[in-house]
Amino acid sequence: MADATGVAEVMLGLPGFQVLDASEADAELVLTVETNPSAVVCPGCGGAGVAHDRAPVEYRDLPCFGRPVRLVWRKRRHRCPHPECDLGTWTEV
């Protein structure tokens, strides 16, 4: 682990997530994270899904180093490119 991002990922303790940014705002620690890229399967038709966009979702967490923590997850939204599928888009969980 050669950089601060790797240290932050270990401290976060969420396998499959990478830390994009760590900052301080309004006296709280703000960690911006996203999941590691992976192949996506449409839950509607079982075909391959494609990346559509990202939506930030905020969570409040227990204090870290004596400060409140806000976790900002850049949640991936996917879409199904198959016209016969009625699902459209969905977000990762």
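See the structure above.
Residues numbered from 1 in each chain as written. Predicted model: local features only at pLDDT ≥ 70, side-chain atom pairs only at ≥ 80, totals over all residues. Heavy atoms only, no water.

Draft legend 1. Focus on the environment of Trp73. Among the structural elements, Trp73 can be located in strand E4 (residues 67-79). Taking the C-alpha atoms as reference points, Trp73 and Val40, separated by 33 residues in sequence, lie 18 Å from one another. Ignoring sequence-local partners within four residues, the contact set of Trp73 consists of Phe17, Val33, Glu34, Thr35, Ala55, Pro56, Val57, Tyr59, Glu92 and Val93. (Helix = DSSP H or I, 4+ residues; strand = E, 2+ residues; numbered from the N terminus. Contact = heavy atoms within 4.5 Å.)

Draft legend 2. Spatial organisation of the pattern of salt bridges. Considering all chains together, one arrives at 8 salt bridges under this definition. Between Arg74 and Glu34 there is a salt bridge, with the nearest N and O atoms lying 3.3 Å from each other. A residue pair is termed long-range when its members are at least 10 positions apart, and Arg74 in strand E4 and Glu34 in strand E2 (residues 28-35) qualify at 40 residues. With relative accessibility at 32%, the residue Arg74 sits in the partly exposed group. Connected through salt bridges with shared partners, the residues Glu28, Glu58, Arg60 and Arg70 form a single ionic network. (Salt bridge = Lys/Arg side-chain N within 4 Å of Asp/Glu carboxyl O. Buried < 20%, exposed > 50% of the residue type's maximum accessible area, 1.4 Å probe, protein only.)

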